[in-house]
Each structure stands twice: as C-alpha cells, then as structure tokens.
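# Observations on the model geometry
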Amino acid sequence: MTGARVGSALTDEQAAVRDLVREFAREEVRPGAREADAEGSFPEDVWDGLAELGLTGLTVPEAYGGSDADETTYAVVNEELAHGSLAVATALSVHCLVTSCLAEFATDTQRERWLPEMAEGRPVGAFCLSEPHAGSNPAGMSTTAEHDPDADEYVLNGEKQWITNGSRAGVAVVFAKVDPDDPDSITQFLVPADAAGFEVGPSEEKLGLRASDTTPIAFDDCRVPAANRLTEEGRGLSAALGTLTGGRIGIAAQAVGVAWAALEAATAYAEEREQFGEPLSEIQTIRHKLAEMSTDVAASRLLVREAARRAEAGEDARVAAAQAKYRASEAAMSVANEAVQIHGGYGYTVEYDVERFYRDAKVTEIYEGTTEIQKEVIARGLFDTR
Amino acid sequence: MKVLVTVKEVGEADDDFEIEGTDIASSDLEYDLNEWDDYAIEAAVQLAEAGIAEEVVAVTIGPERAEETIRMALAKGADRAVRVWDDAFEGTFADVSSKVDVFEAVVDEEEPELVLSGVQAADTAFGATGVALAERIGFDHAAVVNDLDLDADAGVANVHRELEGGIEELTEVDLPAVLTVQTGLNEPRYASLRGIRQAQRKEIAATDLADLGLTPADVESTLTLTEMYEPESDSDAELIEGDAGEAAGRLAEVLREKGVGA
Ligand SMILES: Cc1cc2nc3c(=O)[nH]c(=O)nc-3n(C[C@H](O)[C@H](O)[C@H](O)COP(=O)(O)OP(=O)(O)OC[C@H]3O[C@@H](n4cnc5c(N)ncnc54)[C@H](O)[C@@H]3O)c2cc1C
C-alpha cells in the first residue's frame, strides 16, 4: 500500500504531495503571477499559504517542525510550484537551502532558535555566496570574516550580489574568508538580517523572475558571535557540497516546471487558434514542434528524477545533478521560445503567459551554476578519477 | 462525540470525452473527492479541533482506486476511514436505498452522534443519500446546511439551511443527527505535508457486505443505466450591440417578447 518506488514512478506519499502542490499552484499561485511580475512585488499571501501547507519546512528536520522531505519530494514540489510561478519557487528553494545549511551545520541552540520559526514561514532565509566580482568562481570572493578574539566574534566586511529574498529575508547564510589572503579559508556563517552592519541594497531590475526580490547585501563591520560560524574555518564550500547538489536538483526541477507550463500553454493555444481554416494543431510543423517540446520536458523530468534518486540513495549525485540542471534549463529556454513562436504576435504581448515563461526561463541557465559551469562539472566526471 | 462523514470519489469528465457503453471512458475521467464532501470533512475536522468531536471517521462506498481520494480526507484530518466494496457493486448502478443499506450498517457499527454528508454528489446528483439515511436510522436531520454551530452540551445543532429563492431557514436539530452540507459552510483547507505523511499510516478498513452482515440481495439496485449520451444542444444567442440606451431598449424588447414583466 505504501507503494515502493519503481523507476521514475512516485510513491503514494510523493504522488499525494504532487497533487496537493499542483492544486495549490493552480488555484493560488498562477492566478496572481502576471500581476506580481508586472508590479515586481513578491506575493506574501502565497508565501503564507506555502507555510500552511508545510512547504517552508520542506528541508527542516521533523524534530524542528519540518517535514524533512526526501530529494524526490523536494524535486516534485519545486516542479509543481514553478509550474505556477518560477519566482515563488525560487524564493522557496533558497529558503530551503538556508534551512538545510542550518539543519546540517548549526548548533542545537541555533537550530532551536531558527528552524521552528523558519519552518512556519518566517523569518525567510537568504543565501549569500555570489559577489559582484565572484560568480562562477566563488573561491575568488573577497568578503572577509575576521575573528576578534577579545569579543569572540567574527567581523564581516564585503559585498554580496544577486541575493534572492534579499529584502524579505530575516536571516542569511553568508560565505566569507576568515583569512583575506587564503583562498581556501572560505567559511559559512549564520547572520541575522537585523545585525548592525547588514545592509540590504535596492532590488535589481531584471528581465524575468521579477516578482522575486534580488538585491545586493553589504556587510560593514557586521559582527556575529563565534557560535554563528556554521562550518569549520575553510570548510564553507566543501561542507555545503551535498546541500548545493540538492539545491541544483531543485532548480532543475523548477526548469522542468517552467518548460511544462510553456508546453501546456502552447498546446492549448494550438488547439484554439485557427489559420488557413484549421486549428494550428492540425498543421504538421506545429504538431512536430509540440512533439519535440513534450519530449524535452519528459527527458528533463527523468534526469531530475534520476538525480534525486541517486541523492536519496546516498550515491554521488554531482554529475547527475549537473546533467539535470544543464538539460532542464536548456529545455525551459527552448520550449518557452517555441511556445512564444506558436503564439505568434500574441505570444509577444503580456496578454499571454508565455512571454513571462520565456523571460523567466532564461535565469535557470544562469543561477545556481551557469550552463557552462554545469558542463565543466559533467566533463570533470568524465575525465577525473574522483 | 464521534462524527461519521460519508464521502464519495467522483469522476469529472474532461472537456472532450468519449462514451463507452453506458459510461464515460475512464481515460477521460479525473477522479477527485466530491466537492460537497470536502466541506463536510472540513466541518468535522473543525469540530475535532474545537474539542467537540473525539473521532472523525470517513466512510465511502468505492473500489480500491478510491483509496487515493479517501487518503486526502485523512490527510485533511479525518482519523480513519471505512471503505465498503463488494463484487455485488461491480458494474451496477447503485440506487439511493442500496447505499443507505450500507451506511445504515456502518452507523450501527460505529454509533456516531453526528453524520455529515455532502448535499449531493457531483456525478449522479441525486441529493438524497443523507436525508434517506436519516430517515432509515431514525436520526433528526437538516438538509442543505450552510452554517453550523454545534452545542454539544445541549445536544443541539443550530443550523442555517439554504432554501429556494434565496431564503434561509434557521433551525435547531437535536442530536444524534444527519446534516447534509452545502457549499459555503466553510472554506476547506488544503492538506499539509505533515497531514499527508500521517495519512499514509491511518487505517482504511476494507469492508465487504458480509462484514456488515449484508448480502448482495440487500443492496440490489432498482436502477439500471440503459443509455449514456450527450444531449443535443444548440444555442441561438443574440449579441446585443449599440450604446447603453440602445442595448437597454433591445433588452427590454426581448424580455417583453419572452413574456417577462408582461
Ligand atoms: C535572479 C538571480 C538570482 C540569484 N540568486 C542568488 C542567490 O540567492 N545567492 C547567490 O549566492 N547567488 C545568486 N545568484 C547569482 C548566480 O548564481 C550567478 O549569477 C551565477 O553563478 C553566475 O555568476 P556571474 O553572474 O558572476 O557570471 P560570471 O561568473 O561572470 O559568468 C559570465 C559568463 O562566463 C561564463 N564562465 C565563467 N567562468 C567560466 C568557466 N570557467 N568556463 C566557462 N564559462 C565560464 C559563465 O558561464 C557566463 O556565461 C542569482 C543570480 C540571478 C540572476
């Protein structure tokens, strides 16, 4: 009855979660997505809904009020939510990345302090890795966290860039070097957003994902107790590898959600729109486009499921996650592109959702490791004896 | 008190569907919890949360496939479920009285003080099961309830009933009672991830007629589906054009022609 998982099939519980989030995305997320995009404001009421469903505690251990979801459930939730709105799904996945880091690295006291509240939706988490001059190469970061032995505090200085949830967040996981001259000294810290010297900049004006706030965050002599150091000095990036791999699978799943939304919209439009006395769906060129799009979506979804399965089984999922992220984000971009094409001139206007899918899809090729970086990871898997 | 909620999995047809024999092709149906039963479940769960109901039991007549839907009721907070099915139901079109036979037997077993039932099922839309059950088991009842305030100490349910023509009846029903629930009674919640996980461990007791002390003869239906077809429909809608004055004039003309306000 529990329905053991066979191949890419879901267990009964995973299928029930999928159905739940699908309904929520259809009823509560998608209807407001266009307006949120146009206004560039995050739908906080949707976030409250996510919290009620327990999704803000997706990667919080049960002991702290979360549901400690397996990788497949995590992927399914991300796909379904992104099918409703990529901006909302991205905000949630970053929040989840932060709770994962806290669950894994924080002291019991800090977990107790933050996780139950975060599981209930607020404070929202932000993940501060990228910098103005260090994106694909985070090792090149210049933010520092110098230890002040007298106060037993770390003093953070530097600038982070492209921080999702930047203005909504109440707490951040921040990566910084404890020794400015040592590239191997990157360490992870827990920084409350109300700490003195935590300065949130203005939101970026973006091509897509416009309902999600992306801001710079500056640290100006921002002090945190030594107990807020999450990882051993110098272990900031490597310790977080597993978490980041999981995050990548989540982003890949979101890309599948966007691609699927675009495919659905294009299919419906092709049935409805008539030219030359017949619906577009009778024209072979269009039918074959849709066939290719549908195959892209299905293939991407399977790569995501396989990466999730590996991660769940405790296998090394780095290459599988990179493959899923690379393939699914390219599928999102090309399927959204063809969806606009199938809509013709109407697809180029805000009257139809496909123009938003098109703008949103692009970012999946950029954040959480660009396509080029994913290919590097995959190639390393081919040539290295790791 | 124990609350029994009757729930049904109903198939909803896609926009385009095929008819196979006397039914819509199952590939064109999407199965879901009957909308009105969702309100009934919500009402029961709210009673449990208010400390009034000690146990909420969902009961359904349905094949194994229905468990997925029933589990949603469990995920929303029902404590356990009873699923009644028997070969005798296979391929038949159950009438109200055979369903009532089954539910009567379940009520005998469960001894609830309150039975909540959707006002109707979205597929057959008989709208009769709840009230017919009340009659059979000798409970008081109120149909088409859209507001409920239960005074457990006094053993009374204060309800609003929706009547025709926008009229509401405010009435009291003595417990034990059957209430059939109308849209608007509450806002059904979404299940939560935790609820879904707990629901996987909750009991769905598979029960057949013999378990209930019934025989196939007891539930023999007086109804047979003889034909399923889509009624021919044609519309001749007139789109009224012109400015407000012209449109209103034309509308008045049409209404007069049709005999309105003559
Ligand atoms: C909307 C949005 C939200 C984001 N949210 C967050 C967040 O919450 N937290 C966070 O830390 N970051 C976040 N990011 C940052 C994101 O992860 C980076 O933008 C990304 O890693 C790329 O870095 P970059 O922009 O500096 O580009 P660069 O690293 O400058 O890359 C420019 C181009 O060069 C290519 N390139 C670079 N190095 C190589 C190489 N070795 N081989 C081949 N090609 C290469 C890249 O693929 C790219 O095409 C977000 C970004 C966006 C746009």
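It should be emphasised that the depicted structure is a prediction, and the values quoted were computed from it without experimental measurement.

The next point concerns the side chain of K160(A). All names here are of chain A. Looking at the element boundaries, K160 is found in strand β3 (residues 153-164). The exposure class assigned to K160 is buried, which follows from its relative accessible area of 0%. Polar side-chain contacts of K160 include one of 2.8 Å to the backbone oxygen of F175. With residues up to four places along the chain from it excluded, the contact list for K160 reads C128, L129, S130, E131, P132, M141, T143, V174, F175, P216, I217 and F219.

This part is about the packing of aromatic side chains. Under the defined criterion, the tally for this structure stands at 9 aromatic pairs over all chains. Ring centres of F93(B) and F126(B) lie 6.1 Å apart, and the angle between their planes is 70 degrees; this geometry places the pair in the edge-to-face category. Remark: F126(B) occurs in the loop between β8 (114-118) and α4 (129-137) and F93(B) occurs in the loop between β7 (80-84) and α3 (96-110); sequence separation between them is 33 residues. Judged by relative accessible area, F93(B) falls into the partly exposed class, the value being 24%. With relative accessibility at 34%, the residue F126(B) sits in the partly exposed group. Taking the ring centre of F42(A) as reference, the NZ or CZ of R168(A) above it sits at 3.7 Å. Between the NZ or CZ atom of R168(A) and the centre of the ring of W47(A), over which it lies, the distance is 4.5 Å.

The next point concerns the site of the ligand. All names here are of chain A. Surrounding the ligand, one finds 18 residues, the nearest of these being S130, S136, W162, T370 and E372. At 2.7 Å from an oxygen atom of the ligand is found a side-chain nitrogen or oxygen belonging to S136. Protein burial of the ligand: of its 970 Å² of free accessible surface, 64% is covered by the chains. Broken down by secondary-structure element, the contributors of at least two residues to the shell around the ligand are β3 and α12 (371-383).

This next bit is on the sheet that holds β8(B). Residues and elements named next belong to chain B. One open sheet accounts for 9 strands, arranged β11-β10-β9-β12-β8-β1-β6-β7-β13; its pairing is mixed. The sheet terminates laterally at β11 (168-174) and β13 (204-207), the two strands that pair on one side only. If you compare each strand with its neighbour and ignore which way they point, the axes differ by 35 degrees on average. In the sheet, strand β9 (residues 140-151) pairs with strand β10 (residues 156-162) via 6 bridges, with the strands oriented antiparallel. Along β10, the bridge assignment pairs L148 with V159. Of the strands in this sheet, β8, β9 and β12 (177-181) are in contact with α4, which crosses β12 at around 175 degrees.

The rules we used
- Residues numbered from 1 in each chain as written.
- Chains lettered and ligands numbered in written order.
- Predicted model: local features only at pLDDT ≥ 70, side-chain atom pairs only at ≥ 80, totals over all residues.
- Heavy atoms only, no water.
- Helix = DSSP H or I, 4+ residues; strand = E, 2+ residues; numbered from the N terminus.
- Buried < 20%, exposed > 50% of the residue type's maximum accessible area, 1.4 Å probe, protein only.
- Polar contact = N/O pair within 3.5 Å; in protein donor to acceptor, adjacent residues only side chain to side chain.
- Contact = heavy atoms within 4.5 Å.
- Phe/Tyr/Trp six-rings, centres within 6.5 Å; stacked < 30°, edge-to-face > 60°.
- Lys NZ or Arg CZ within 6 Å of the ring centre and 35° of its normal.
- Near = heavy atom within 4 Å.
- Areas by Shrake-Rupley, 256 points an atom, 1.4 Å probe, with all protein chains shown as cover.
- Pairing = 2+ DSSP bridges.
- Axes fitted to C-alpha atoms, helices over the stretch in contact; angles between N-to-C directions.

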